[in-house]
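Observations on the three-dimensional arrangement
Listed below, chain by chain, are the residues.
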Amino acid sequence: MSNLLDAAGRGSKKITLGGREWVLHPLNLNDYCELEEQFGADWQNQAGFRITRYMLYLRLRKCDPSLTPEKVGEMIDETNFDVIQEILGAMAKEEMEETEEAAKNSA
């Protein structure tokens, strides 16, 4: 695990950014809808700084509702961007797998 990241309970991870420890919360349906509204229905096939910043924002704002995407962007720099992308990608993959498994079990 990265030195930025610690386990924080099921579906959550702790990360240190800007000298503060944050909990990266799992995304819910409303968060995914917001991603579609911001970036279009094919947002998963896109890559870029804005999507990374926004995904991190969606996970962190549950800790601090006063956060904005711009404030989150100030915590990301060249020293942690790649690690953050990796963490967000792994969390999204886990969430999608859990959603697919739940759908199979309910069918």
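This text goes with the structure placed above it.
About the cut-offs
Residues numbered from 1 in each chain as written. Predicted model: local features only at pLDDT ≥ 70, side-chain atom pairs only at ≥ 80, totals over all residues. Heavy atoms only, no water. Salt bridge = Lys/Arg side-chain N within 4 Å of Asp/Glu carboxyl O. Helix = DSSP H or I, 4+ residues; strand = E, 2+ residues; numbered from the N terminus. Buried < 20%, exposed > 50% of the residue type's maximum accessible area, 1.4 Å probe, protein only.

All told, the structure shown has 7 salt bridges when counted by the stated rule. The salt bridge involving D64 is made with R20; its shortest N-O contact spans 3.9 Å. Taken together, the residues span a long stretch of sequence, with D64 in the loop between α2 (49-60) and α3 (69-74) and R20 in strand β3 (residues 20-24) at a distance of 44 residues. For D64, a relative accessible area of 18% corresponds to the buried category. Across the pair D31 and K62 runs a salt bridge, and its minimum N-O distance is 2.6 Å. Separated by 31 residues along the polypeptide, D31 in helix α1 (residues 29-39) and K62 in the loop between α2 and α3 bring together distant segments of the chain.

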